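Letter by letter, the chains look like this.
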Amino acid sequence: MSTKQTCPERKPLSTISQNKSHQTHSHQMKVIETISEMRSMRRQLATPVGFVPTMGYLHEGHLALIQRARAENASLVVSIFVNPAQFDPQEDFSSYPRNPQRDLAMLAAEQNDVVFMPSVMEIYPSGFNSWVEVGQVTERLEGASRPGHFRGVTTIVAKLFDIVQPTRAYFGQKDAQQTIVVKKMVADLAMDLEIVTVPTVRKPDGLAVSSRNAYLNLEERPAATVLYRALCLARQLWLQGEKDAGNIRRQMTALIQKESRATTDYVSMADPETLEEFDTVKPPALASLAVQIGKVRLIDNVVLE
Ligand code: AMP
């Protein structure tokens, strides 16, 4: 954890009259839609400021980030923005699940201070034409399967960091490559904040919680546990002394093939910093995969160390 700022008592937020606010008992949460209002609100927040960027449709995974950020900071800002720049043209941007009213109620219950919910035009006004691109670590895995995805992610994350100016920002291990890419951007561009990674939240049967799970039908939902089963197999093989990464990848792929509703996109045993595929596993290793269940593309990972 960063030691550059101490944690003073939380000072009350002043009220900006045109803003909507959500009240629970003694706590008032601000809902802000413009960049200029977010910047002026930021100047009034007690530091350190924790920040959780999300695309909304909040679930237990988001709540783990939010609760960790709440516990470690004097102020908490959560953003909700479904970022069109990180979806392929044929991907699910317009049908991505959204429920802002439910999200706001959940955030108020978590004692969140500020919700930043800009419109697409606020973030990408007409003529917008600047991008943040990270190199090599974006070329593999998700980057190879979803061209342009990480350019969209790093551009929005850099823009949000500049607007919110957080002391710490919280990202999920669930999107392991995204966290690696964001850390690389922050290091390379000397951005003045700390990136905190939060462990993956899972359902009791092992399925990683995800907004996209909402698309799974009744038959697909049990089939979706195949991702976690394949990761457990990788861990088990590795614990038994298997060092041949190719063999682990092959056995994971074979397990996924047995599930008729599943199609493997990629299966990886890679170095968790560079994302280079291992021939021989040298811990720590990132076992990760992307699998299509029916029409729903899911990702998951575990770190072997
Ligand atoms: P999203 O709204 O899908 O963009 O996710 C926002 C943040 O929540 C990202 O940092 C994700 O990695 C994180 N997240 C999503 N699902 C989970 C999960 N099951 N466990 C932990 N973090 C998660």
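All figures in this text were calculated on a predicted structure; none of them were measured in a lab.

Asks: What is the right way to read the overall build of the chain from this model?
Replies: A count of helices and strands for the chain gives ten helices and ten strands. In terms of C-alpha radius of gyration, the chain reaches 20 Å, essentially the compact-globule figure of 19 Å for 305 residues. If one aligns the C-alpha atoms of the chain with their principal axes, the spans along those axes are about 60 × 40 × 40 Å. Buried positions account for 52% of the 305 residues belonging to the chain. Long-range contacts, defined here as pairs at least 24 residues apart, represent 73% of the contacts in the chain between residues at least 6 apart. With the model as given, the accessible surface of the chain reaches about 14,200 Å², and the carbon-plus-sulfur share is 51%.

Asks: Honestly, the site of the ligand in this entry has me stumped. Any pointers?
Replies: Around the ligand sit 17 residues, and of these Met-55, His-62, Asp-175, Val-201 and Val-209 come closest. Contacts to the ligand include Gly-172, whose backbone N or O atom sits 3.0 Å from an oxygen atom. Ranked by the residues each element gives to the shell around the ligand, the list is headed by helix H2 (residues 60–72), at three residues. Per-class residue counts for the shell around the ligand are eight nonpolar, seven polar and two charged.

Asks: Can you walk me through the pairing of strand S7 (residues 194–198) in this structure?
Replies: Successive side chains on a regular strand alternate, one facing one side of the sheet and the next facing the other. As defined by bridge partners, strand S6 (residues 168–172) adjoins S7 across five bridges and the pair is classed as parallel. By the bridge assignment, Ala-169 is partnered in S7 with Ile-195. On the question of chirality, the crossover connecting S6 to the parallel S7 by way of helix H7 (residues 176–188) is right-handed.

Asks: I'm lost on the packing of aromatic side chains in this one. Help?
Replies: Two numbers describe a pair of aromatic rings. These are the distance of the centres and the angle of the planes. A complete count under the given rule lists seven aromatic pairs for this structure. Considering the side-chain rings of Phe-51 and Phe-161, the 6.3 Å spacing of their centres and the 75° angle between planes classify their relative orientation as edge-to-face. Here Phe-161 lies in helix H6 (residues 149–164) and Phe-51 lies in strand S3 (residues 49–54), a separation of 110 residues in the sequence. For Phe-161, a relative accessible area of 5% gives the class buried. Relative to Tyr-96, the ring of Phe-87 lies with its centre 5.6 Å away and its plane at 75°, an arrangement referred to as edge-to-face. Like Phe-87, the residue Tyr-96 is buried in the burial classification. Positioned above the aromatic ring of Phe-93, the side-chain terminus of Arg-98 is 5.0 Å from the ring centre. Over the face of the ring belonging to Trp-131 we find Arg-151, whose NZ or CZ atom lies 4.0 Å from the ring centre.

Asks: Where do I start with the side chain of Arg-146 in this structure?
Replies: Checked against the element boundaries, Arg-146 lands in the loop between helix H5 (141–145) and H6. The contact partners of Arg-146, leaving out residues within four places of it in the chain, are Gln-86, Asp-88, Glu-91, Arg-212 and Arg-297.

Asks: Looking at this structure, how should I read the domain arrangement of the chain?
Replies: For an interface, size is often stated in terms of accessible area lost upon the parts coming together. Split by domain assignment, the chain resolves into domain 1 (30–198) and domain 2 (211–304). A separation of 26 Å is found between the C-alpha centroids of domain 1 and domain 2. Listed by partner, the interface residues are 22 residues for domain 1 and 20 residues for domain 2. Summing both sides of the interface, domain 1 and domain 2 together bury roughly 1,700 Å²; the carbon and sulfur share of this comes to 50%. Its largest share of buried area at the contact with domain 2, domain 1 owes to Arg-140, Leu-141 and Glu-142, together 30% of the area lost on that side. Linking domain 1 with domain 2 are two salt bridges.

Calculation criteria
Residues numbered from 1 in each chain as written. Predicted model: local features only at pLDDT ≥ 70, side-chain atom pairs only at ≥ 80, totals over all residues. Heavy atoms only, no water. Helix = DSSP H or I, 4+ residues; strand = E, 2+ residues; numbered from the N terminus. Rg over C-alpha atoms; globule rule 2.2 N^0.38 Å. Buried < 20%, exposed > 50% of the residue type's maximum accessible area, 1.4 Å probe, protein only. Contact = heavy atoms within 4.5 Å. Areas by Shrake-Rupley, 256 points an atom, 1.4 Å probe, with all protein chains shown as cover. Near = heavy atom within 4 Å. Polar contact = N/O pair within 3.5 Å; in protein donor to acceptor, adjacent residues only side chain to side chain. Nonpolar A, V, L, I, M, F, W, Y, C, P; charged D, E, K, R; others polar. Pairing = 2+ DSSP bridges. Right-handed = clockwise from strand over helix to strand, strands pointing away. Phe/Tyr/Trp six-rings, centres within 6.5 Å; stacked < 30°, edge-to-face > 60°. Lys NZ or Arg CZ within 6 Å of the ring centre and 35° of its normal. Domains from an automatic or database assignment. Buried area = accessible area lost by both parts, 1.4 Å probe. Salt bridge = Lys/Arg side-chain N within 4 Å of Asp/Glu carboxyl O.

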